[in-house]
Amino acid sequence: MTSHIKPMMGAELSPILSPLAADILTASAPLLHKWLEEHGSPLHLVLPSELTANVEALRHVLDDRGVGHAIYYGSKVNKSSALMRAALGAGAGIDVSSVYELRDAVKLGARGKDIVATGPAKTVQFHDELVGIRALVSVDSPEELTDISGRLPANGAKQPVLLRLQPKGHEKSRFGMAADTVRACLSRIAADDRFRFDGIHFHLSGYRFQDRAVAFEEAVKLVEEARASGLSPTMIDIGGGLPVQYVPGAAWDEHLQRQSADDYRTGKVPASFYPYGGPQSAASWLRCFLGALLSSGQTVEDYLKRHKLTLAMEPGRALVDQAAISAFRITRVKNIRSGNGVIFVEGSSFSACETWFASEFMVDPILLRQNGRAPAGEAFRAYIAGHSCLDEDVLSNRWLGFPHVPEAEDLLVWANTGGYQMDLLENEFHRHPMPKRLCVTKSAAGELSIYPDN
């Protein structure tokens, strides 16, 4: 369940908030000020219970339809160990794209059956450690199949693999193999009894379930051919790309229709945005995908059940929906011309990274005043900048409206930063230490407590 509270400013794209996040930003706002005093700015608050809830929401859809499934958390979206631990605790597996993510997962108790490796450029060391625990490996190319074949022992348990398909219409992608190349790899696997072929994997850009259904049908044909040749695939893996609703859909649509170059201090509207207020939640998207019709007249759901296939997926952003917030302390407010200014925060846009990709994190920050006070004054608009010496260090190029001029020591809080936002680009530029991250839990009595996420 989520709630929508209006920020303490005239915001157009105020965030959808979970009850726990709303509590932190309203009744418990004094605690948040205290935590920043103790741990510094910016401060990332991680909410592992939200990831658990997101896993359960997807599992409920699949269980309700009677579809066998394997949900793997795409851990690349966030460096939090607590979120990885929450995924394992919820019965999900872990999708790893580096040997370091693999090692973290294993340290937290993941076993080979809990892990799928989908990265396209796996090193020899990565392969060795994956093979050592017989983790499921998505093979991206014939060259990778050769590499992993050279790492397999002559005698031992079979190594489970998927073959990554590059669906028709996606030839510009550097990932996966065309269907004919997949067929050639299937022949090689059939001739090498050290492999266990588990199925076909694909991952598409964008968020349309219809595109996944088309790719699914291409994968189905390869699975059927593999079975006809004597192999026993059990899985079709659709990757990630399940959507997240950051802001109310109506507000998002209205904003896109109304916005202009004048809304940005750069005088330019970014060419593309994540669909922050899309029409579907991850769960509703999944229902639509399962109900999509194939050319045979069957739905995806019908096909999976009839052919006893497991539907696998690696959601990242969708599993960390509502699972983090990021708070920045204001250091200075600078007037640049009448009624306009720039707000400098203690922290950088490396911890809120969309502007570095020529886009924007289209969720308005929430202003939390010191002691809840609201000083008198005229309306004010500003963009938000970081504390580095880089002119490009801007957290928001959008002009944001405030009823009054914010002040130093006030907080700006961005909600729902768990998916790629808060730590994709973080570093120690200017020798500032890496931002602290704390996990927040809520007791049955309603009390909040924190512990380090390490």
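From a predicted model like this one, the values you see are computed outputs, not experimental measurements. (Residues numbered from 1 in each chain as written. Predicted model: local features only at pLDDT ≥ 70, side-chain atom pairs only at ≥ 80, totals over all residues. Heavy atoms only, no water.)

Novice: Hey, could you run me through the overall build of the chain in this one?
Specialist: Along the chain, the regular secondary structure elements total twelve helices and 19 strands. Computed over its C-alpha atoms, the radius of gyration of the chain comes to 24 Å, within 12% of the 22 Å expected for a compact globule of 454 residues. For the chain, the spread of C-alpha atoms along the principal axes amounts to about 75 × 45 × 45 Å. A buried classification covers 55% of the 454 residues belonging to the chain. Taking the intrachain contacts of the chain between residues at least 6 apart in sequence as the baseline, contacts between residues at least 24 apart amount to 71%. For the chain, the exposed surface amounts to about 19,400 Å²; the carbon and sulfur share of it is 51%. Side-chain charges in the chain split into 47 positive and 53 negative, and the spacing between the mean points of these groups amounts to 2 Å. (Helix = DSSP H or I, 4+ residues; strand = E, 2+ residues; numbered from the N terminus. Rg over C-alpha atoms; globule rule 2.2 N^0.38 Å. Buried < 20%, exposed > 50% of the residue type's maximum accessible area, 1.4 Å probe, protein only. Contact = heavy atoms within 4.5 Å. Areas by Shrake-Rupley, 256 points an atom, 1.4 Å probe, with all protein chains shown as cover. Lys, Arg positive; Asp, Glu negative; His and termini not counted. Charge placed at Lys NZ, Arg CZ, Asp CG, Glu CD.)

Novice: Please clarify how the UniProt feature "modified residue: N6-(pyridoxal phosphate)lysine" (unreviewed entry) in the chain should be interpreted in this entry.
Specialist: Within the UniProt annotation, "modified residue: N6-(pyridoxal phosphate)lysine" (unreviewed entry) is assigned to Lys76. Mapping lysine 76 onto the fold places it in the loop between β4 (69–74) and α4 (81–89). Not counting residues up to four positions away in its chain, the partners in contact with lysine 76 are Asp95, Ser97, Glu101 and Tyr420. (UniProt positions renumbered as here; feature names shortened; annotations may be inferred.)

Novice: Help me out: how do you make sense of the domain arrangement of the chain in this one?
Specialist: Put simply, an interface is often sized by how much accessible area is lost when its parts join up. Here the chain is described as being made up of domain 1 (19–47 + 322–452) and domain 2 (48–245 + 280–319). In this structure, domain 1 and domain 2 have C-alpha centres spaced 35 Å apart. Listed by partner, the interface residues are 17 residues for domain 1 and 13 residues for domain 2. Here domain 1 and domain 2 share an interface that buries about 1,300 Å² over both sides, 52% of which is from carbon and sulfur atoms. (Domains from an automatic or database assignment. Buried area = accessible area lost by both parts, 1.4 Å probe.)

Novice: Could you clarify how one ought to interpret the pairing of strand β16 (residues 394–402) in this entry?
Specialist: On a regular strand, one side chain projects to one face of the sheet and the next to the other, so that they alternate. The element β16 is largely enclosed, with a buried count of eight among its nine residues. Note: strand β15 (residues 380–385) against β16, five bridges, orientation antiparallel. When the sheet's bridge partners are listed, arginine 381 is paired in β16 with glycine 401. (Pairing = 2+ DSSP bridges.)

Novice: How should the pattern of salt bridges be read in this particular structure?
Specialist: Once the charged atoms of two side chains with opposite charge are near each other, the side chains can pair. Applying the stated criterion to the full structure yields 21 salt bridges. Its salt-bridge partner being arginine 398, residue aspartate 364 comes within 2.8 Å of it at the nearest N-O pair. Note that aspartate 364 is positioned in the loop between β13 (340–346) and β14 (366–368) and arginine 398 in strand β16, a separation of 34 residues in sequence. Taking relative accessible area as the criterion, aspartate 364 reaches 2% and is therefore assigned buried. Between arginine 369 and aspartate 410 there is a salt bridge; the shortest N-O distance is 3.1 Å. Taken together, the positions of arginine 369 in the loop between β14 and β15 and aspartate 410 in the loop between β16 and β17 (411–415) put the pair 41 residues apart, joining distant regions of the chain. Residue aspartate 410 is classed as buried on the basis of its relative accessible area of 0%. (Salt bridge = Lys/Arg side-chain N within 4 Å of Asp/Glu carboxyl O.)

Novice: How do you make sense of the side chain of serine 41 when you look at a structure like this?
Specialist: Secondary-structure assignment places serine 41 in the loop between α2 (29–39) and β3 (43–46). Within polar-contact distance, the side chain of serine 41 engages the backbone nitrogen of arginine 329 at 2.8 Å. There is a polar contact of 2.7 Å between the side chain of serine 41 and the backbone oxygen of glutamate 346. Every residue in contact with serine 41, bar those within four places of it in the chain, is listed here: Leu36, Ala327, Phe328, Arg329 and Glu346. (Polar contact = N/O pair within 3.5 Å; in protein donor to acceptor, adjacent residues only side chain to side chain.)

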